Every structure is written in structure tokens, then in C-alpha cells.
Amino acid sequence: MALPDALTEDRIYHRCPLDKLDFETTESLEDLALPFGQDRALRALEFGASMKAQGFNLFVLGPSGAGKHELVRRVLASHAAEKPVPSDWCHVFNFQQSDKPGAIELPPGEGRIFKADMSELANELKSTIPATFESEEYQARIQELQEEVTRRQQQGLSAIQEEANANNIAMLTTPAGFTFAPMRNGEVIEPEEYKTFSDEEKELVESKVEDLQKKLQQAIQQVPRLRKEVRERVHALNEEMVQLTLGGPMGELREKWAHVPAVVAHLDAVREDVVEHAEAFQDTENGAPAGLLNRYRVNLLVDNAETRGAPVIYEDLPNHQHLAGQIEHRAHQGNLYTDFTLIRAGSLHRANGGYLILDARRVLSQPMAWESLKRILFSGEIRIESLERLYGLATTVSQQPEPIPLSVKVVLLGDRMLYYLLSHYDPDFLDLFKVEADFEDDMERDEASYLLYARMIATMARSAGVRTLDREAVARLIEHASRLASDQNKLTAHDRVLKDLLTESDHWAGVANSPQVCASHVQQAIDERDYRASRVRERSLEQIRRGVVMIATQGEQVGQVNGLSVLQLGATRFGQPTRITATARPGKGQVVDIEREAKLGGPIHSKAVMILSRFLANRYAPMNELSLSASLAFEQSYGGVEGDSASVAETCVLLSAIAGVPLKQSLAVTGSMNQHGEVQAVGGVNEKIEGFFNVCRQDGGVNSQGALLPASNVEHLMLNESVREAVQDGRFSIYPVTHIDQAIELLTGLEPGQPDADGVFPEGSFNRRVADRLAAFAEVGKSKDKDTGQDNGNGGHNGQS
């Protein structure tokens, strides 16, 4: 198998050709209406925004920083502009059930007019009705009623008095009421004189007095009935006067709102309530109670007077109250009270008839918000309820507003893992969110994309308010976008990273008093970002330089190789070489993964070691039992080890330990391997190679060192300038390998050797050395088994004797 050539400088870095950027500065570039490279997500957004069937809400999934929110807003805004403005909604007092306010739908913009009309009516009632009760007409009619009652009372008493006088009996008025006494010649008889009456005369007087008392009692009993009758007539008079007073304003309002039957019905209920409580308006000093007047006002819940098209609402704190609305309370003299005017709308009310954008993670992190959202979407109506009452945590009497019909398109923004978890664990999720809009992590980098990406950068620069960029600066940004995508043929789609880099480049251009952003300012921004996040990386390099962490970059060593790993800390990741060692001796075909045994190795790493052991058995002992007891370890690794990117290095170091052939310490290795010895692609190759390069640079300088990586990873290389210069000067070499034999030959300098038809490797080849050593291990194993068998036989013979 031929050895691969070291990569040239142009293969480890894909430059942006300036002739593809036909402009001097971004000032001449037009804005890009929608980002390119997101056709799948855009089609899904267009479909979901226009689909009217129930349950076709959207879940926009993609990486953080991909510009999902801004793009969703722009797409929804374009759809919303073509839709009609939704209705206004208000809550009014329910005169039949005071704790269940009614909901009235009004044409857009008329809600505030209706509210103003009802407030004006309440203020008018406060002044005009008391004025009516002070009018001369009302006072005269009240006096007439009172005089009539007095007259009717006097008529009854006068008749009794006349009858008593006719029978010589006087009706006297005392503090205790009325009493009767015999009378002669118009004078009341004294008690002494009355004693002189005969029994017949006394009996006659007492009989008549008793009869008069009965009639007087009957007359007195008629007084409450007369008074009740008067109250009823006064009430009827009050109603008549209020009706006359309300006739004008109520008639005007009924005529004005005739096109909204619900408003007309409410006005009729208001009129009836005002008439019923007419006496409450008679207090000319204090006026009608404020609580009574508030019943006639309107709580405008949704006001779309300023809305153009359908609303597009983003709720940044999507808890239950902010989504579904809430009922506020006020404190008065130590008590909490509420009424229909304290009902507040939620974002679902404001987005009704349009679109509501929510962050999925924030919804899920708020107590009960997710369940409330699902319940509202399933029911198709918004019911405002407090969480305490909803879940039985409070039993106090509260308002129960009439639910409002809901027609809204909910758009959730989240990462892919959230979408897949919800799809798997929540049975309601896919019934409610049938449309997925999946954002691309990156986009194609080809000749057609250069100018489009440049226009996207120009659009970002204008929106961020930064200086214009020259052509070289745009080219450097495009190259860095490939580095962020870890692919020479891709460009990152992460808007946030590019916007931040643009802003920082503009800052350094300002420091340099430059009228525009140049490539040097972009590079300075990249370098500064790298330096700010380099503390841990520099401490790691310091540990290697001081010998605390042992890494050799020169010489040769048996059973030792430099593997390459990547550390991820927050948004920063960097490469770090790790010494991998192996030991080998005769045994039962066991390869011990020390990381796994110490519970530091993850399942993927353990799988890679198992593949390695099967590769050894298949290649070197296809027809026999592999006689080997080997161990692998990541030296000075005190944290978890995961991934299979070290399996090529582990295979090489294990074969070195078996064959006793040293490996070059000037070469570091990364790559995954399958059971046939083929090298497979891994991640983080840029950071891994740069990490080893930095170690070499501080350890006596870079001189004939290099790295081995899978050939399929070459197109992922976007290495920094220091590495590129060293490669160009021949001081650092990067070899793409496709098979483990190529890695062995590069690390040992020996021909690996291919087996003949009998499976025998050529004499002097590396694989022949491995096979011979394993054969020696097998012989040792057989002799041990033979010795053990003889011992057992002797023991058995002794037992028989």
C-alpha cells in the first residue's frame, strides 16, 4: 500500500478567491431579503404560516445562534401584512352573574371607542340622574304623593272621629296613641262623674268604645299598606324619571352600536340596572357609589386600533399568566378584592388572529405553562384562570370571565434535541405542532455562494450599524465561516457568531481610525477572541512545557504514541495531545481497556477498543486463538474519555508493544478505525492538529514534526496561519491515511507487509514481526498449559494410588 504524500498548504486551507467578489466595499451590495441556504426551513415556514387547519402549528428547530428568531419574524410579518386585522375584545359586567364577566367582540379599532362611550355614560349618569331628582317636577310629584297619603290617612281617622262624636265619645290623641272617652255636651266626662253612670249606660259606652277601637285599629293597619303603595309609586316615579333621563343618551348609543348586537344587548342590561338602582343616585352630595358606576364601564382586553394586518407577538416570559392572562387583586383595608376591570390579557389574546412566537425551552421551564398552552390550543378558546384556582390550591371566590375563541398560529423556537424529546415523550406534541422547520447548520460554499454570502454579510453590517467592509475583509470572513463550519466546502449558518465578529471588527477598525473594516481588523477580532478564551489552553501548554504532563515530540519509543483529543469548555474548544501507552504479554486474547476498567471510558470508546481487539484477532490469528494479554491507557488522564477518534493511535501503539518496534514521537495520530483496518473520519481535526503544533512550537520549535489524520478529513481542514507557514516551509507535515498499514509505516518507517495466499506476511515486514511475536506468545501459552496439565496428571495419579 502506497504511502500518502504530505498535504500541501493549499489543501489544508481553502482561500476565498478575490476575483469572485466583484465589489470594492459592501456599500455597493444590495441587502439580502432572506438568508440563502435555508430553503428547506423557508418552505416549511411558508407552509406552516399559510396552513389553516387545526394543529398545524410550527416548531422551528436548529442550532443556537442560527438567526431563527429574526427569520421567523420576517416570514411571519410578510404573511401577517396580507391578513385582516383581528377583532377587539372587551369584558363587561354580567348583571345576571356578577362573577362571570361577559366577553364582547368588536370590529378592530372600535374597542377603545366603546370603552370611551361607556365611561362617558357612567360619568353622565353620575351627574344627570341626581339633577333629575332635584328638579321641580320631581319634587312636586313627590310632594303630591306624600299629601295624598296624608289625606287618605286623615280620611280614615276623620270618619272614626265623626262616628265617635255622633255617639258622644271623644277621640283623644296621647303620647301613646289614640284613646276614647265618654263625652257630654261636647266635654269629656271626668272619671268621678263616669262612676255615677248606671251599668246600662256604662255598658253602652264601653261597647261603642270597643267598636271604635276596632275600627281605629283597622285604620292604623292600613298605614303600612299605604306607605308601601307610596314607596312603589315613588319607585315607579324614580324609574320613570330615570327612563326619561336615559332616553336620550341610551337611544344615541343604541343607534350608534346597532351594528353590534352584543353591545345593544349590554346597553339594555345597563339601562335596566340603572333603573333598578335609581335610588342609589339620589345622594346629591356624594353621588352614586363608585362600585355601581364601575359596573357600567368596559375593560378593553385587546385593542387592535394600531395594528396593521395580523399581529406577530413574541412572548419573552411565557409563563401561565403571561400566556393566558390573569386576574389581578387590589388590597383595601387588609382585604383583597377583584372585579372584571382587573382582568388582564395574555399574549394569546394579543396574538389572536395572528402569530405567537415562543421559545420552547422557556415555556417548558415555567410551571404549568406547557400544559396550559396545550389545553388552550386543544380547546380553541382562552379561559383566564389563576393557577391556584385551576389546581385547587385556593378556594376564594374570584372572577370567571367568559372564554374567548382562539385562532392563532403558535411558533416554537428550540434546538433539535428538544423537538425529538417532545416528539417521543409527549403524546400531544405532534397533534399540535405538525410542521417542523429545520434550519441548516451550514450552507454550501461554491462559486455561486460567494456573492450571496457577501450580500448577507453586508446586510448584517448595515443592521448592526457597523462600518462598510472592503473586499479582503469579506474574503477573510468567508474563510473564517468555513473554519466555523469545520469544512472547506461549507459556510456556517450561525448568524450570531458572524454578527459578533462584525461588531468586534468594527471596534478594532475604530481603534485604528480606519474609515472601513479591513482584513487586518477581522483577523485582529479573531485573534482577540481566541486570546480571551485561551487561559485554560495556555495553562495546559504550560504543564506540558514544565514536564508536569509528559508529551514527547522527538525521538522514538516502543508502546507509546501521541494521540490527539479536543477539549470543549463552554463555547471554546482546543486540541491537546495525550500520551497513549500499551503493554503486551502472553495471555488469553484479552485487551484490557484501563479507561473502561477505571470507569473513565465512555461506551463509544469501549466499542472502539473492542473493534481493535477483533481486528488483531482477525488479522494475526484468523484460525487460532489469539494468545495475548494487552493493556491500553491514556496517561495522565484524570477525566472521562469518550469517542473513537483514538482507535488508530491505540492500534498503532498496541502493535508497537507487541512487535517491540518503536514509534516516532514527532508524529501525532487521530482517526477512527473499523474491523478491517480502514481509517474513518473524526471531528475537531483543526483543533487537534493545532494543539499538537503548539506543543511542538514550545518544545524546541517545530522541526520535522507532523500529524496523521483520516484522508476523509482533509476537506475539513481550515488550519491557522502558523500551521500553514510551517507546512509551506516543510517544518510540519500532515499525512492523510486511509488504512492502518499507512499509519504504521509512517510511524515506524517499516514496510507493513501484506499476507500471501497462506496468510504469511513477508519476512522483515512490520506485520511479520507482530505475527512472529504473537506466535511466540502462543508457544509460551502452550508450554504453560502443558506444564499445568502434567501437574494435574500427577495429582490425579497420586490420587488413584
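Residues numbered from 1 in each chain as written. Predicted model: local features only at pLDDT ≥ 70, side-chain atom pairs only at ≥ 80, totals over all residues. Heavy atoms only, no water.

### Describing the overall build of the protein
The number of helices and strands found in the protein is 27 helices and 30 strands. Taken over C-alpha atoms, the radius of gyration comes to 48 Å for the protein, far larger than the 28 Å a tight globule of 801 residues would show. Taking the principal axes of the C-alpha coordinates as reference, the protein spans close to 170 × 100 × 50 Å. Out of the 801 residues belonging to the protein, those deemed buried represent 46%. Pairs at least 24 residues apart make up 76% of the contacts formed inside the protein by residues separated by at least 6 positions. (Helix = DSSP H or I, 4+ residues; strand = E, 2+ residues; numbered from the N terminus. Rg over C-alpha atoms; globule rule 2.2 N^0.38 Å. Buried < 20%, exposed > 50% of the residue type's maximum accessible area, 1.4 Å probe, protein only. Contact = heavy atoms within 4.5 Å.)

### Comments concerning the sheet that holds strand β7 (residues 299-302)
If you trace the three strands from one edge of the open sheet to the other, you get β3-β2-β7, paired in antiparallel fashion. Strand pairing shows two members of the sheet lacking a second neighbour, β3 (102-106) and β7, which therefore form its edges. In this sheet, adjacent strand axes meet at a mean angle of 30° when their direction is disregarded. For strand β2 (residues 88-92) and β7, the ladder comprises three bridges, and the chain directions are antiparallel. Looking across to β7, one finds that Trp89 is bridged to Val302. Each of β2, β3 and β7 touches helix α3 (residues 111-133); the most contacted strand, β2, lies at about 30° to it. (Pairing = 2+ DSSP bridges. Axes fitted to C-alpha atoms, helices over the stretch in contact; angles between N-to-C directions.)

### Here we look at the pairing of strand β29 (residues 705-710)
A large share of β29 lies buried, amounting to six of its six residues. Here three bridges tie strand β26 (residues 667-669) to β29, and the two strands are oriented parallel to one another. In the strand pairing of β29, Ala668 is matched with Ala707. Looking at chain direction, β29 and strand β30 (residues 732-737) are connected through six bridges and run parallel. Paired with Gly706 across the strands is Ser733, a residue of β30.

### So, the packing of aromatic side chains
Counted by the stated rule, this structure contains 14 aromatic pairs. Arranged with centres 6.3 Å apart and planes meeting at 40°, the rings of Trp370 and Phe429 form a pair that is tilted. Of the two residues, Trp370 is situated in helix α12 (residues 369-379) and Phe429 in helix α15 (residues 429-432); the sequence distance between them amounts to 59 residues. For the ring pair Tyr419 and Phe429, a centre distance of 5.5 Å and an interplane angle of 75° mean the geometry is edge-to-face. Residue Tyr419 is found in helix α14 (residues 416-425), and its partner Phe429 is found in helix α15; the two are separated by 10 residues along the sequence. (Phe/Tyr/Trp six-rings, centres within 6.5 Å; stacked < 30°, edge-to-face > 60°.)

### Description of unusual backbone geometry
Residue Ser486 is not a glycine yet carries a positive backbone phi of 55°. For Ser486, the location among the structural elements is in the loop between α17 (471-485) and β19 (490-492).

### Topic: helix α20 (residues 535-545)
Among the residues of α20, those classed as buried are Arg537, Ser540, Leu541 and Ile544. Buried residues along α20 cover an arc of 95° about the axis, so they all sit on one side. Elements that come into contact with the buried residues of α20 comprise α19 (519-532), β22 (572-585) and α24 (685-698). Gly547 sits one or two positions beyond α20 and adopts a positive phi of about 85°. (Arc of directions from axis to C-beta.)

### Remarks on the sheet that holds strand β13 (residues 355-359)
The strand order across the open sheet formed by five strands is β8-β13-β16-β1-β17, and the pairing between neighbours is parallel. One side of each edge strand has no neighbouring strand; the edge strands of this open sheet are β8 (312-315) and β17 (435-438). In this sheet, adjacent strand axes meet at a mean angle of 20° when their direction is disregarded. Here β13 pairs with strand β16 (residues 409-414) via five bridges, running parallel. Pairing of Asp359 across the sheet is with Leu413, part of β16. Packing against the sheet, helix α1 (residues 39-50) makes contact with β1 (58-61), β13, β16 and β17, and its axis sits at approximately 150° to β17.

### Focus: the environment of Ala305
Looking at where Ala305 falls in the secondary structure, it is placed in the loop between β7 and β8. Put simply, Ala305 and Tyr735 are 430 residues apart on the chain and 68 Å apart in space, counted from C-alpha to C-alpha. For Ala305, the contacting residues outside a window of four places in its chain are Asp88, Gly109 and Arg112.

### Let's talk about the environment of Arg614
Relative to the elements of secondary structure, Arg614 occurs in helix α22 (residues 603-620). Separated by 114 residues in sequence, Arg614 and Gln728 have C-alpha atoms that sit 40 Å apart. Those residues within four positions of Arg614 in sequence are excluded, and the remaining contacts are Gly589 and Gln675.

### Regarding the packing of α24 against helix α25 (residues 721-729)
It is the contact of α24 with α25, at a shortest axis distance of 10 Å, that shows an interaxial angle of 70°. Comparing the axis directions of α24 and α25 gives the class roughly perpendicular. Of the residues in α25, those in contact with Ile689, Glu690, Phe693 and Arg697 of α24 are Ser722, Val723 and Ala726. Looking at side-chain class alone, the contact of α24 with α25 contains four nonpolar, one polar and two charged residues. (Parallel < 35°, antiparallel > 145°, perpendicular 65-115°, else oblique. Nonpolar A, V, L, I, M, F, W, Y, C, P; charged D, E, K, R; others polar.)

### Details of the nonpolar core
The biggest cluster of nonpolar side chains holds 47 residues, and the ones touching the most others in it are Leu616, Leu628, Leu654 and Leu708. For this core, the secondary structure elements donating two or more residues are β22, α22, β24 (629-634), α23 (647-659), β26, β30, α26 (740-748) and α27 (766-800). Sort the elements by how many residues they give to this core and α23 lands first, with nine residues. The contact partners of Leu616, leaving out residues within four places of it in the chain, are Ala621, Leu626, Leu628, Leu654 and Leu655. Within the second largest apolar cluster, 45 residues are counted, among which are Val92, Phe114, Tyr138 and Ile404. (Core = buried A, V, L, I, M, F, W, Y, C linked by side-chain atoms within 4.5 Å.)

### Here we look at the pattern of salt bridges
Enumeration according to the criterion identifies 34 salt bridges in this entry. Arg295 is the salt-bridge partner of Asp273, the closest N and O atoms lying 2.6 Å from each other. Residue Asp273 is located in helix α7 (residues 261-276), and its partner Arg295 is located in the loop between α8 (290-294) and β7; the two are separated by 22 residues in the primary sequence. Taking the relative accessible area as the measure of exposure, Asp273 reaches 5% and is therefore buried. The salt bridge involving Glu687 is made with Arg573; its shortest N-O contact spans 3.4 Å. Pair noted here: Glu687 is in helix α24 and Arg573 is in strand β22, with a separation of 114 residues, a long-range link. Under the relative-accessibility criterion, Glu687 is labelled buried at 10%. (Salt bridge = Lys/Arg side-chain N within 4 Å of Asp/Glu carboxyl O.)

### Looking at the confidence of the model for the protein
The predicted coordinates ought not to be read in detail in places where the model reports low pLDDT. Per-residue pLDDT for the protein has a mean of 85; in total, 90% of the residues score no lower than 70. Counted against residues more than four places away or in other chains, residues 790-801, with its pLDDT under 50, gives zero contacts. (pLDDT = per-residue confidence, 0-100.)

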